[in-house]
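Results of the structural survey
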Amino acid sequence: MSKSTRRVVVFSSLGHLYVHLCTAFFFVIVLALEDVWQLPYHRLIELWTLGSLMVGAAALPAGIFGDRIGAPRMMVIFFLGMGGSAIAAGLSKSPQTLMISLTGIGVFGAIYHPVGIPWLVRNSVGKSGKVLGFNGIFGSLGAAGAGITAGFLIDVLSWRAAFIVPGVACAITGLFFLRHVARNEIPDVVAVAQVDNQSNRRDMKRVFGILLVTMFLGGLVYHTTQTGLPKVFAERHGGLVGTGALGIGLLVAAVYTMAGMIQIVGGHLADRFPLKSVYLGALFLQIPTLWLASSLGGLPLVITATIMVMASVGMLPAENMLLAKYTPTHRHGLAFGLKFALGFGAAPLAVQLVAFVNARTGGFYWVFASLAVIAAFAFLVASLLPKEKPSVGVTPMAGELVPESTH
């Protein structure tokens, strides 16, 4: 792997960490705001609704812009914009101003997945499974770090610091990245030719249609789990941790850290076995674990939640490779924009689902029971994917990749 390609892996992985950290830390910060602003949980969690909506809604235009002006330039906007929005959130004086800043986090955070993931795939042809698995670990560490970082900063400093410190780190990373881009040290690739036939077009349409459904349902399961897990642990930890935000954050961090490691395994499996088999296996594993999570507590809940999240994130390398394989390379931004518009478009629905059920039942039993049914339906839809030979890396069907130093 060349030095320039390693830079792509490093900055793409850091971006993955920041986006999951900055779009998840509010789920722990909100627990502190209940006391500070004396507002109920369901009203505060709704402040993230518009931001979570923008993570999905802005993904498609972000992907299209990525195709047109290049991934490196879009990644500069991502780092600086999301970091600045997080800092602004920490300086908020009211729920209204906080909602505006959270919306900014959603808008700029929307850039990463439709731009950063295909950028990484294009620069790692032949080793996509391994590289995506490595990159996925950083995403899970970001989700895990959201809980532990926010909990630590809240207990030691304040809820404002829980926003500002990650925002400053993200913005500084963006300045370093901008320096490399300005020096033409960050590569990307472009598609210069198309190799297409009627059979490939049929497969592309079939796979993309199926993935539209499974990606939305998978996103709904993931975001609902991420939204509700801190509160579930706060209610059912069974004495495993104390009552402070840090203890709950540690439990959430443990789940997402252990689950994140499985993405390396998922990436290796996706490189060596049919992508459909890997994808179906991960979807199937979510069904019983989501059902069990609806009623368990204490250590059994933590173990079940870990397996549940492992399955949810472990399927991502296979899912991304399927999408890249059946999409023309010069349309990667558009395709991944649609993917993450759907996946993250489920986030506001997830927030509203948690708020609605919690306000009316005072618990999470029916949330997780419903998610088990959703996972079962996603498994049935994914079973319609076409059969394929074992995958060795990702060589997109519809384009030839040519290195380019910069855009």
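Residues numbered from 1 in each chain as written. Predicted model: local features only at pLDDT ≥ 70, side-chain atom pairs only at ≥ 80, totals over all residues. Heavy atoms only, no water.

Observations concerning the overall build of the protein
Operational definition: The helix and strand labels rest on DSSP assignments: H or I over at least four residues marks a helix, E over at least two residues marks a strand, and numbering proceeds from the N terminus. Each residue is placed in one exposure class: buried if its accessible area under a 1.4 Å probe, protein chains only, is under 20% of its type's maximum, exposed if it is over 50%, and partly exposed if it falls in between. Whether two residues are in contact is decided by their heavy atoms, any of which lying within 4.5 Å being enough.
A count of helical and extended segments in the protein gives 17 helices and 2 strands. Classification of the 407 residues of the protein by burial places 59% in the buried group. Taking contacts inside the protein between residues at least 6 apart in sequence as the whole, the part at least 24 apart equals 86%.

Side note on the side chain of Ser92
By secondary structure assignment, the location of Ser92 is in the loop between α6 (71–90) and α7 (95–109). The class for Ser92 is buried, based on a relative accessible area of 3%. Those residues in contact with Ser92, other than ones at most four positions away along the chain, are Thr97, Leu98, Ser101, Trp159 and Arg160.

Focus on the packing of helix α15 (residues 316–325) against helix α16 (residues 332–361)
Just so we agree on the cut-off: Here an angle of 0 to 180 degrees is reported between the N-to-C directions of two axes, which are lines fitted to C-alpha atoms, with helices fitted over the stretch in contact. Here roughly perpendicular refers to angles of 65 to 115 degrees, roughly parallel to angles under 35, roughly antiparallel to angles over 145, and oblique to all remaining angles. Two helices that cross are described as forming a left-handed crossing if the nearer one is turned anticlockwise from the farther one by less than a right angle, and a right-handed crossing if clockwise. Residues were grouped as follows: Ala, Val, Leu, Ile, Met, Phe, Trp, Tyr, Cys and Pro as nonpolar; Asp, Glu, Lys and Arg as charged; and all remaining residues, including Gly, as polar.
In contact at an axis separation of 10 Å, α15 and α16 are set at 140 degrees when each is read in the N-to-C sense. With respect to α16, the axis of α15 lies oblique. When the axes of α15 and α16 are compared, the crossing they make is right-handed. In contact with Glu319, Asn320, Leu323 and Ala324 of α15, α16 contributes His332, Ala335, Phe336, Lys339 and Phe340. Partitioning the contact of α15 with α16 into residue classes produces 5 nonpolar, 2 polar and 2 charged.

Looking at the packing of α6 against helix α10 (residues 159–182)
Direction vectors running N to C along α6 and α10 enclose 160 degrees, while the axes themselves pass 7 Å from each other. Between α6 and α10, the angle falls in the class roughly antiparallel. Classified by chirality, the crossing of α10 by α6 is left-handed. Residue classes in the contact of α6 with α10 are distributed as 19 nonpolar, 5 polar and 1 charged.

Side note on the environment of Leu39
Examined against the element boundaries, Leu39 turns out to sit in the loop between α2 (26–36) and α3 (41–45). In the structure, Leu39 is positioned 56 residues away from Pro95 in sequence and 9.8 Å away in space, judged by C-alpha atoms. Residues in contact with Leu39, not counting those within four places in the same chain, are Glu34, Leu44 and Pro95.

Things to note about the environment of Met258
With respect to the helices and strands, Met258 occurs in helix α12 (residues 245–272). Given the relative accessible area of 41%, Met258 is considered partly exposed. Setting aside residues up to four positions removed in sequence, Met258 forms contacts with Thr306 and Met310.

Looking at the nonpolar core
The nonpolar side chains of a soluble globular protein tend to be buried with one another. Selection rule: What makes a nonpolar core is a set of buried Ala, Val, Leu, Ile, Met, Phe, Trp, Tyr and Cys residues whose side-chain atoms join them at distances within 4.5 Å.
In this structure, Phe25, Phe26, Ile29 and Phe233 are the most contacted members of the largest nonpolar core, which totals 124 residues. The residues touching Ile29, leaving out its near neighbours within four places in the chain, are Ala150, Ile154, Trp159, Ala162 and Phe163.

Section: unusual backbone geometry
For residues other than glycine, phi is negative in most cases, and the peptide bonds are mostly trans. Phi at Gln38 takes a positive value of approximately 55 degrees, unusual for a residue other than glycine. A residue is classified by how much of its surface remains accessible, and Gln38, at 62% relative accessible area, is exposed.

Quick notes on the packing of aromatic side chains
Convention followed: Here is the rule: rings of Phe, Tyr and Trp (six-membered ring for Trp) pair when centre to centre is within 6.5 Å. Planes less than 30 degrees apart are stacked, more than 60 are edge-to-face, and the remainder are tilted. Our definition puts a charge over a ring when NZ of Lys or CZ of Arg is within 6 Å of the ring centre and also within 35 degrees of the ring normal.
According to the stated counting rule, one finds 13 aromatic pairs in the structure shown. With 5.0 Å between their ring centres and 55 degrees between their planes, Phe78 and Phe79 make a pair best called tilted. The same class applies to Phe78 and to Phe79, which are both buried. Each residue in the set Phe11, Tyr18, Phe78, Phe79, Tyr112, Trp119 and Phe177 is aromatic and connected to the rest through ring pairs, giving one cluster. In this structure, Lys231 packs its charged tip against the face of Tyr41, placed 5.1 Å from the ring centre.

Digging into a nonpolar patch on the surface
Short version of the rule: Excluding any residue in a salt bridge, patches collect residues exceeding 30% relative accessible area, merging like charges within 9 Å and nonpolar Val, Leu, Ile, Met, Phe, Trp and Tyr side chains within 5 Å. Note on areas: these come from Shrake-Rupley sampling with a 1.4 Å probe, and a residue is covered only by the protein chains present in the view. When a carboxyl oxygen of Asp or Glu is within 4 Å of a side-chain nitrogen of Lys or Arg, the pair counts as a salt bridge.
On the surface, Leu240, Leu285, Leu299, Ile303 and Ile307 cluster together to form a nonpolar patch covering roughly 410 Å² of accessible area. Per-element accounting of the nonpolar patch gives the leading share, 3 residues, to helix α14 (residues 298–314). You can see Ile307 is positioned in helix α14. Residue Ile307 is classed as partly exposed on the basis of its relative accessible area of 33%.

Some remarks on α15
The buried fraction of α15 is high, at 8 of 10 residues. Every buried residue belonging to α15 is among Pro317, Ala318, Glu319, Asn320, Met321, Leu322, Leu323 and Ala324, and all of these are buried.

Considerations on the side chain of Ser12
Inspection of the secondary structure puts Ser12 in helix α1 (residues 3–22). Using a relative accessible area of 0% as the deciding quantity, one classes Ser12 as buried. Here Ser12 is in contact with Tyr112, Gly116, Trp119, Leu120 and Asn135, once residues within four sequence places are set aside.

A word on the environment of Leu220
Residue placement: Leu220 occurs in helix α11 (residues 198–236). Leu220 sits 127 residues away from Ala347 along the chain, and the two C-alpha atoms are 6.4 Å apart. In contact with Leu220, not counting residues within four places along its chain, are Ala346, Leu349, Ala350, Leu371 and Ile374.

A look at the state of the cysteines
Selection criterion: Cysteine sulfurs are considered disulfide-paired once they come within 2.5 Å of each other.
According to the stated counting rule, one finds 0 disulfides in the structure shown. Not part of a disulfide, Cys22 finds its nearest cysteine sulfur in Cys170, a span of 5.5 Å. Looking at Cys170, the relative accessible area reads 0%, which means it is buried.

Observations regarding the confidence of the model for the protein
Going by this rule: Think of pLDDT as the predictor's per-residue confidence, scored from 0 to 100.
When pLDDT is averaged across the protein, the result is 81; 88% of the residues are at 70 or more. In the predicted structure, residues 191–199 sits below a pLDDT of 50 and forms 16 contacts with residues beyond four places in sequence or in another chain.

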